[in-house]
Structures are given as C-alpha cells and as structure tokens.
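Residue-level listing of the chains:
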Amino acid sequence: MKAGVLRVVISGAIVGLLSGCATSVDHLLVDDVALRDINNQALVSGDKTLDIQYLGVGGYLFQYGNDSIMTAPSFTNPSLVNVTLPLPIEADTKLIDKLLPDHAKQAEFILVGHAHYDHLMDVPYIMQKHMPTATAVGSTTMTNIVTAVIDDERLLDITDYAAVGEQVGKWVYNRSRSIRFMPIKSDHAPHFMGIKVMSGIYEEALTELPSTAYGWKEGQTYAYIIDFLDKQQNPTYRIHYQDAASNSPDGLMPVMDDSKAVDMAILCVAAFHQVDDYPEAILQQTKPNTIVLGHWEDFFDNNSVDNQNKPAKGVRMTNIDDFIQRVDVVKIEGATPLLPAPFSWLQIYAN
C-alpha cells in the first residue's frame, strides 16, 4: 500500500475512533485554586519561592524569584478533522495573544519535549511577537522546523546535551545560574492500537513552517530534569518533566553525580495506556513528593476566544481514573497527586 493511501486509511480510522465526545472530568478533583501551597517541601534559597503555572497540554511556567523558564505552551486547538485528514492548520494568533500570560513573556528558555503541532506550533509566533529574546530548546528536528522563522542563535539543539540511559548528560544554565536543566532521551507513546502517527525527523532546515499536522514531525523526544538552585548553585528543588508517555528505560533519570532527590514529577496522561509501565517506572525510580498530571485535557477544538469559561474536558480515548489509580498504587506514602486546571498555580515556598 502506498504511503499516501495508508495515511488516508489511518486518518479515517483515527477520526472514527476519536470522533466521540471528550472524557468528562466532572467526578475528578480538578485543582483550579489560584494559589496552592505544597507544605513540607522547603526551599533553602532565602526568600525565593517557586511558582508554577500550568498553561495546558505540555506547557508550564516556572517562576523562581525574578527568573523564569517555561515548557512549550499550546493554545491553538485545531479540529479533529483538520488534524487527521490532514487539512491546513496554523497557530491561532488572536487566541495566543489573549491566553499567553504577560508574566510568562519574561521566560528565558522554552523547553520543547517533542515537535508535534500540539507542542511546537504556537512557539514560533510566541517567540516572534511576545518573547523576542527567549531561546527555544529541543531536538534537531525542532530547530530545523523553527529556523524557518526564528534566527538560529535563538535555537538550541540539545542532542549532545542529553542523558542517555544511565549516562549523565550536560546541564544548561540560565543567565543568573539560578535554574538549570538537563534533557533526557525519551520516546513518545503510540497514539492508538500501537500505531504512532506524525513520527519522523527533519535532517535539513525548513524554509517555511509546516502547513498540516503531519508536517510537525515528532523528532527525538526528550524529558527534562529541571533544578532550582540556591546561592551556592546547589539544587534545592528538582523536577522531572515529561510531555509524552514513554516505555522505560526511555525517560528515566540517569545516574546523577549528586544525591538530590526528585521533589516533583510532571507526567503526561495522554496515551499512557499505549505503553506498558507508565507512569509506574518513572514514579518508582524518582519517588517524588508531588505528582502533577498534565496533558490530560482534550485538545481538539477545545479552545477559542469565546469558550474560555467552559470547563475543560478530558483527552479522548484515555481513562484518567485508571491513570490516577495506577499513580496511587506506586506513589510513596504521603505523596500528593494533582490534576491542575489550565492556568492554575502551584506555589512551592520556604518554611
């Protein structure tokens, strides 16, 4: 079967499987409190607090004192039909202008886990219009896509920085050396029935941004360790972040050269049932006190300027209850799992 015909067949199957309603989360405890304090997790950085805002899908803003970084936000939600057939899609600039918080525009880095449209498509416009000095960090494929509209000096290919298996990688620091991060070689779960779509890489730089969802190829997927440092540049709070479910050992921590424990794990709910040991392997290795469940909401035609007061629905073909139950089985005693509403805040503070 020719590739084009196969894509049409797969696209039709996806439309059929996903065309039902998004999952209701009315029975779940969705945290939409403006500020939620997480107790007994002290920072030792004087009067600094770590404020974390969930921006939806894989996007998070990490504000640490006067410094901040973010993971790739996604505000544009093309319809299921446009994504799968595939029809043209593009960043919804009016929606981005409305939803990107002003305080997020000061972030120094945008960490990209993989280059699918629901993680990367909004980033070029955000960098052009709202964050003219930020650096996007990600795979070779990510840089080869975004270079179509963003200067190369604002793109960091972290292929040579990544931890692989037990081999530790290289740290990247912000300007004031109060935040650092290290990529970890990871993978992306199949989308349905063991089939992964929109995979592939770009080995050469593009001259224009992709026009369909299939053009936003995955590239190499990365998880990240993100450290927040005290005045002596020792890690005082550590986060393990993933924007895609993965089979171990992909995404697992390397053998670190310090004894700092992981304080928070940020997990991806979408497609977790397509891999065997997610989130169990990550949680059993990292043993975090706080577990954040991200990428849980439906991202097909879910956002518009006019529907922001409507409650978020759960991602399709995904049993969020089952994910939470699996978290509960393996989390350490006293660990706090959170299902954050988009734009809600978590605050880590010094006791």
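Every chain is numbered independently, its residues counted from 1 as its sequence is written. Selection of residues for local features in this predicted model requires a pLDDT of at least 70, selection of side-chain atom pairs for listing and counting requires 80 or more, and totals for whole chains, interfaces and linings are taken over all residues. Side-chain measures here rest on the full set of heavy atoms in the structure, leaving out hydrogens and waters.

Draft legend 1. Just the nonpolar core, in detail. With 98 residues, the main nonpolar core has F62, Y117, I226 and I239 as its most contacted residues. Look past the residues within four positions of Y117 in its chain and what remains in contact with it is P78, V83, I89, M198, A213, W216, F299 and F300. Listed in part, the 9 residues of the second largest apolar core include M182, I225, M253 and V262. Here, nonpolar core refers to any group of buried Ala, Val, Leu, Ile, Met, Phe, Trp, Tyr and Cys residues whose side-chain atoms link them within 4.5 Å. When a residue's accessible area, from a 1.4 Å probe over protein chains only, is under 20% of the maximum for its type it is buried; when over 50% it is exposed; and in between it is partly exposed. Working rule for contacts: check all heavy atoms of both residues, and any pair within 4.5 Å makes them a contact.

Draft legend 2. Up close: the side chain of R238. With respect to the element layout, R238 can be found in strand 11 (residues 235–241). A relative accessible area of 0% means that R238 is categorised as buried. Pairing of N or O atoms within 3.5 Å defines a polar contact, subject to two protein rules: one partner must be a possible hydrogen donor and the other a possible acceptor, and residues neighboring in sequence count only if both atoms are side-chain atoms. Only 3.1 Å separates the side chain of R238 from the backbone oxygen of K260, close enough to count as a polar contact. Helix and strand definitions follow DSSP, with helices as H or I runs of at least four residues and strands as E runs of at least two, each counted in order from the N terminus.

Draft legend 3. Spotlight on the environment of D250. Assignment of secondary structure puts D250 in the loop between strand 11 and strand 12 (264–268). Using a relative accessible area of 21% as the deciding quantity, one classes D250 as partly exposed. Apart from the residues lying within four places of it in its own chain, the contact partners of D250 are K185, S186 and D187.

Draft legend 4. View of the pairing of strand 11. Within strand 11, 7 of the 7 residues are buried, leaving the element largely enclosed by the surrounding structure. Being paired, for any two strands, means DSSP has found at least two bridges between them. Pairing analysis gives 6 bridges linking strand 10 (residues 222–229) to strand 11, with the strands arranged antiparallel. Within strand 11, the position partnered with L229 by the bridge is P235. Taken together, strand 10 and the strand that follows it, strand 11, pair antiparallel across an intervening segment of 5 residues, in which Q233 is found at a positive phi of about 65 degrees. Where strand 11 and strand 12 come together, 3 bridges link them in parallel fashion.

Draft legend 5. Just the pattern of salt bridges, in detail. For this analysis, a salt bridge means a side-chain nitrogen from Lys or Arg found within 4 Å of a carboxyl oxygen belonging to Asp or Glu. Evaluated as defined, the whole model comprises 12 salt bridges. Residue D227 is joined to R238 by a salt bridge in which the shortest nitrogen-to-oxygen separation is 2.7 Å. Here D227 is found in strand 10, whereas its partner R238 is found in strand 11, with 11 residues between them in sequence. In this structure, D227 and R238 share a single accessibility class: buried. Between D263 and K260 there is a salt bridge, and its shortest N-O distance comes to 2.6 Å. For D263, a relative accessible area of 11% gives the class buried. The exposure class of K260 is partly exposed, given its relative accessible area of 22%. Among the charged side chains, a network of salt bridges with common partners joins R180, D227, R238 and D258.

Draft legend 6. Structural context of the sheet that holds strand 10. Taken in spatial order, the 7 strands of this open sheet run 8-9-10-11-12-13-14, and their pairing is mixed. Each of the sheet's edge strands pairs with one partner strand only, and the pair in question is strand 8 (172–173) and strand 14 (336–338). Sheet topology places strand 8 next to strand 9 (residues 179–185); 2 bridges connect them, and they run antiparallel. Its bridge partner lying in strand 9, Y173 is registered against R180.

Draft legend 7. Molecular detail of the packing of aromatic side chains. Paired rings are identified among Phe, Tyr and Trp, the last through its six-membered ring, by centres lying within 6.5 Å, and are further divided according to the angle between planes into stacked (under 30 degrees), edge-to-face (over 60) and tilted (the rest). Per the stated rule, a full pass over the model turns up 10 aromatic pairs. When the centroid spacing of 4.9 Å and the interplanar angle of 40 degrees are considered together, the rings of Y54 and Y60 count as tilted. The residues Y54 and Y60 share a single accessibility class, namely buried. Note on Y60 and Y241: the rings are 6.0 Å apart at their centroids and 80 degrees apart in plane angle, and the pair reads as edge-to-face. Taken together, the residues Y60 in strand 3 (residues 59–64) and Y241 in strand 11 connect sequence positions 181 residues apart. What makes Y60 buried here is its relative accessible area of 2%. Using a relative accessible area of 1% as the deciding quantity, one classes Y241 as buried. An aromatic cluster is present here, built from Y54, Y60, F62, Y64, F228 and Y241 joined pairwise through their rings. The side chain of R177 reaches across the aromatic face of Y173, ending 3.9 Å from its centre. For a ring to carry a charge above it, either NZ of a lysine or CZ of an arginine must fall within 6 Å of the ring centroid while also lying within 35 degrees of the normal to the ring plane. Directly above the ring of Y202 sits K217, whose terminal nitrogen or CZ lies 4.6 Å from the centroid.

Draft legend 8. Structural detail: unusual backbone geometry. Here L85 and P86 are connected by a cis peptide whose omega angle stands at -10 degrees. Along the chain, P86 turns up in the loop between helix 2 (80–84) and helix 3 (93–99). A cis amide bond links S248 with the next residue in sequence, P249, at an omega value of 10 degrees. With respect to the element layout, P249 can be found in the loop between strand 11 and strand 12. For R177, which is not a glycine, the phi torsion comes out positive at approximately 55 degrees. Structurally, R177 can be placed in the loop between strand 8 and strand 9.

Draft legend 9. Local environment of helix 8 (residues 320–330). When we look at burial in helix 8, the residues that qualify are I320, F323, R326, V327 and V330. Around the axis of helix 8, the buried residues are gathered within 120 degrees of arc, so they sit on the same side. The secondary structure elements touched by the buried residues of helix 8 are strand 12, helix 7 (280–286), strand 13 (290–294) and strand 14. Working definition: the arc comes from the directions between the helix axis and the C-beta atoms, pointing outward to the latter.

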